[in-house]
Amino acid sequence: MKKLLLIWLCTCLCITVTACSGATNGSETENIISESSSSEISSSESNSEDSRQSENTPDISVTDPETITEPTPDETGTGSHILVAYFSLAGEQYEVGVIEKGNTEIVAEMIADATGADMFKIESTEEYPTTYDGLLDISRKEEDDPPEIADTVDNMDDYDTIFIGYPIWWGDTPTIIKVFLQSYDFSGKTIIPFCTHAGSGLSGTDRTIGELCPDSTIGNGLDVRGSTAQEDPESAKNSVTEWLEDNGY
Ligand SMILES: Cc1cc2nc3c(=O)[nH]c(=O)nc-3n(C[C@H](O)[C@H](O)[C@H](O)COP(=O)(O)O)c2cc1C
């Protein structure tokens, strides 16, 4: 009888222990499933060496320094604080015949190359004539009927120095340059003029720019003969380099 009672007691004890341990294992199983599925996700994203290590490693979220991505710099620009804005026309030009790239554009590229500046080509919404006579004609009409600029510099605030380039037209800046200078607030910025020409030099255009932008610092200007930029770029480049050095670049 004692033996029977002992067997019955043992049986009851086994059933109770099994029942209790079953509840505990249920919640642990849930945890294991979620851990293993998260480790599966992370191992599928990691390389094979990492996934081999994670088999015996607790699932602790530690960011691998190599996977930290640096914040991307300003998406709209290159990070440069210098802008080369210029107006220049290909086609038929004085002294150089029909050219594929404008004289001023050649100089603008030299400046941007040397300084790491961003470039902005000032263009009209209306196409310019490709003949010299056509340009003489339209340039006169523009004085009374200023052209509209096709594009804008959206991040002008990013720039503290603006090199502004243009051909000399009638001893002055083309009207489109005046339109450009009146389209932005250049207060506190440095504006450095450069031009190409057929003998007139800067022709006082640096002063004109100073009058249009009275709250800007106007740097020493550069003039390069159009034919030199087009036909003797090495000589033009030497002038650009020397002038940039004089201006502290
Ligand atoms: C309408 C017009 C007027 C010009 N007036 C002058 C001038 O007064 N003095 C001068 O030296 N060159 C003058 N030029 C020549 C240009 O300044 C020169 O060819 C310049 O390099 C052209 O530059 P681009 O090819 O970048 O437009 C004139 C050219 C044009 C088309």
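Heads up: these notes are all about the structure in this document. (Residues numbered from 1 in each chain as written. Predicted model: local features only at pLDDT ≥ 70, side-chain atom pairs only at ≥ 80, totals over all residues.)

**Some details on the overall build of the chain**
Next up, step 1: Broken down by element type, the chain carries 8 helices and 8 strands.
Next up, step 2: Residue burial in the chain is summarised as follows: out of 249 residues, 24% are buried. (Helix = DSSP H or I, 4+ residues; strand = E, 2+ residues; numbered from the N terminus. Buried ≥ 20, exposed ≤ 12 C-beta atoms within 10 Å, placed from the backbone.)

**Digging into the site of the ligand**
Next up, step 1: What surrounds the ligand is a group of 23 residues, the closest being Ser88, Thr104, Pro167, Ser200 and Gly226.
Next up, step 2: Residue assignment for the shell around the ligand shows that the elements contributing at least two residues are helix H3 (103-115), helix H4 (132-142) and strand S6 (190-197).
Next up, step 3: It is H4 that contributes the most residues to the shell around the ligand, 4 residues altogether.
Next up, step 4: Its residues placed into classes, the shell around the ligand shows 10 nonpolar, 12 polar and 1 charged. (Near = placed C-beta within 6 Å. Nonpolar A, V, L, I, M, F, W, Y, C, P; charged D, E, K, R; others polar.)

**Comments concerning unusual backbone geometry**
Next up, step 1: Phi angles above zero are rare outside glycine, and tryptophan 170 is one such case at about 50 degrees.
Next up, step 2: By the secondary structure assignment, tryptophan 170 is in the loop between strand S5 (161-167) and helix H5 (175-181).
Next up, step 3: A tally of 12 C-beta atoms within 10 Å means that tryptophan 170 is categorised as exposed.
Next up, step 4: Despite not being glycine, serine 203 shows a phi value in the positive range, around 55 degrees.
Next up, step 5: Within the fold, serine 203 resides in the loop between S6 and helix H6 (205-212).

**What about the nonpolar core?**
Next up, step 1: Core analysis: the largest hydrophobic core is formed by 37 residues, its most contacted members being Val107 and Ile111.
Next up, step 2: Put simply, the parts of the chain that give this core at least two residues each are strand S1 (82-86), H3, S5, H5, S6, strand S8 (222-225) and helix H8 (233-246).
Next up, step 3: Examining the composition of this core, we find that 5 residues originate from one element, H3, more than from any other.
Next up, step 4: Filtering out sequence-adjacent residues up to four positions away, valine 107 remains in contact with Gly165, Phe194, Thr196, Val224, Ala229, Ala236 and Val240. (Core = buried A, V, L, I, M, F, W, Y, C linked by C-beta atoms within 7 Å. Contact = placed C-beta atoms within 7 Å.)

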